[in-house]
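Geometric and topological summary
Next come the chains, spelled out residue by residue.
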Amino acid sequence: MSKPLNGAVIGCGFFAQNQLHAWAALPGAQIVALCDRDPVRLAETASRFGIVRTYADAAEMFVAERLDFVDIATTVASHRPLVEMAAQAGVHVICQKPFAANMTDARAMVAAVEAAGKTLMVHENFRWQSAVRRVIEIVRAGTLGEVFFGRVSFRSGFDVFSGQPYLAEGKRFIIEDLGIHTLDIARALFGDVIRTAATTRRINPSINGEDVATMLLTHRSGATSVVDCSYATKRIPETFPESLIEIDGTLGSLRLDAGYQLVMQGCVEDLSPPLLAWASRPWHNIQESVLIIQRHFLECIAAGAAPETSGRDNLQTLALVEAAYLSAAEARTVDLATL
Ligand code: NAD
Ligand code: 89V
């Protein structure tokens, strides 16, 4: 067996804990260093995962450590400088979503890592959730024939603000944070998009951004899809954090219903994700996808292949986010080629 890759995680906040649990479960990697500018989070996380070498400053870490890869788990404002620093240091990179604050930054980040000849993957994990993955495999196998309609829907009243208070503060909220995942699922299922039209609303008065968005996508394949998301939906039972899917094709239809129930051609298949030892409900669906995407990253490095959710691929998802905001702001259809 080849030697595990040496990695470092930058950002020891809310979500990085999942990434660190997943790394601990993957024999192909070992996390040898941690970085966070918050000393309390850094010390607590280092002690939780038994990681001895810690840094408050990423630049110092890149000088001091011999790394194969870095896993950037900070919020979006720091992504461009950290990705460029990693490219300069000549290491493979994983960067959390949203990959960048705008298309200019995103393109520069992709170019920097490509110039370094290293692998860049965006931690765009929703398309790696096992139930969603099963639906993607069915569509890609052609079982439904030519797909002409799809819907990817995420509607919830779950309090995401207690774990991630910054989500209530930004001018942008649901499309940039959550819609980005469901738009990416739509791309994985139906292919790239040529134009979109979107509406947004803010229902919760105590946050700054939009918490409801509805997006109509025209895919290059000819399929039309609706991607809708809401954190203002009081529903019983609560379905957080499930993405519900409907697809119509020329040979058949399917639905991924609440409770991870796949309904296809009159049959029901239970796609409930496993509860990993370190996971907790209702997050276990997302937590499993973290393990799967990080395993995919290691497999791609070993094979010298581009990750499915590479930085370059993610430019298309990010463009959809930008197009949705532009469409909603100007009440018009946006052609993706203009971005
Ligand atoms: P958080 O605020 O809890 O944690 C971020 C940490 O990064 C903080 O501890 C902060 O001190 C540190 N940090 C910021 N800039 C830094 C820098 N330049 N150098 C060193 N440390 C720095 O945020 P979070 O909720 O963990 O979210 C982190 C990212 O993960 C966000 O981009 C968010 O959108 C994403 N996220 C993804 C998923 C998913 O399923 N893929 C789920 C939740 C959050
Ligand atoms: O997956 C995420 O990016 C999270 C959440 C599911 C809460 O939207 O921020």
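Everything numeric in this text was worked out from a predicted model, so none of it was measured. (Residues numbered from 1 in each chain as written. Chains lettered and ligands numbered in written order. Predicted model: local features only at pLDDT ≥ 70, side-chain atom pairs only at ≥ 80, totals over all residues. Heavy atoms only, no water.)

1. Topic: the sheet that holds strand β14 (residues 267-270)
Taken together, the nine strands give an open sheet; going across it, the order is β14-β13-β12-β11-β7-β10-β9-β8-β15, and neighbouring strands pair in mixed fashion. Every other strand in the sheet has two partners, leaving β14 and β15 (334-335) as the edge strands with one partner each. Taken together, the two bridges between strand β8 (residues 193-201) and β15 define a ladder with antiparallel strand orientation. Looking at the pairing, Thr 196 lines up with Val 334 of β15. (Pairing = 2+ DSSP bridges. Helix = DSSP H or I, 4+ residues; strand = E, 2+ residues; numbered from the N terminus.)

2. Re the UniProt feature "domain: GFO/IDH/MocA-like oxidoreductase" (unreviewed entry) in the chain
Here the UniProt feature "domain: GFO/IDH/MocA-like oxidoreductase" (unreviewed entry) sits at residues 132-255. The span residues 132-255 is 21% helix and 34% strand, and its two end C-alpha atoms sit 11 Å from each other. (UniProt positions renumbered as here; feature names shortened; annotations may be inferred.)

3. Some words on the site of ligand 2
Surrounding ligand 2, one finds Lys 97, Phe 126, Val 160, Gln 164, Asp 177, Leu 178, His 181, Tyr 231 and Trp 283. Gln 164 is positioned such that a nitrogen or oxygen atom in its side chain is 2.9 Å from an oxygen atom of ligand 2. When the residues that make up the shell around ligand 2 are grouped by side-chain class, the tally is five nonpolar, two polar and two charged. (Near = heavy atom within 4 Å. Polar contact = N/O pair within 3.5 Å; in protein donor to acceptor, adjacent residues only side chain to side chain. Nonpolar A, V, L, I, M, F, W, Y, C, P; charged D, E, K, R; others polar.)

4. Details of the environment of Gly 191
Positionally, Gly 191 belongs in the loop between α7 (174-190) and β8. It is 25 Å that separates the C-alpha atoms of Gly 191 and Ala 329, two residues lying 138 residues apart in sequence. Excluding anything up to four places from it in sequence, Gly 191 contacts Ala 186 and His 219. (Contact = heavy atoms within 4.5 Å.)

5. Some thoughts on α7
At Ile 180, α7 shows its largest bend, some 45°. Of all 17 residues making up α7, 17 are buried, and the element is well covered by its neighbours. Gly 191 sits one or two positions beyond α7 and adopts a positive phi of about 90°. (Bend = angle between axes of the 7 residues up to and from the residue. Buried < 20%, exposed > 50% of the residue type's maximum accessible area, 1.4 Å probe, protein only.)

6. Describing the nonpolar core
Trp 23, Val 70, Leu 189, Met 215 and Ile 247 are the most contacted members of the largest nonpolar core, which has 115 residues in total. Here the element with the most residues in this core is α7; it accounts for 10 residues. A domain-level breakdown of this core finds at least three residues from each of domain 1 (5-118) and domain 2 (127-278 + 317-338). (Core = buried A, V, L, I, M, F, W, Y, C linked by side-chain atoms within 4.5 Å. Domains from an automatic or database assignment.)

7. Description of the UniProt feature "domain: Gfo/Idh/MocA-like oxidoreductase N-terminal" (unreviewed entry) in the chain
Look at the UniProt record and you will see "domain: Gfo/Idh/MocA-like oxidoreductase N-terminal" (unreviewed entry) annotated at residues 6-122. Counting secondary structure, residues 6-122 comes out at 44% helix and 23% strand; the distance between its end C-alpha atoms is 19 Å.

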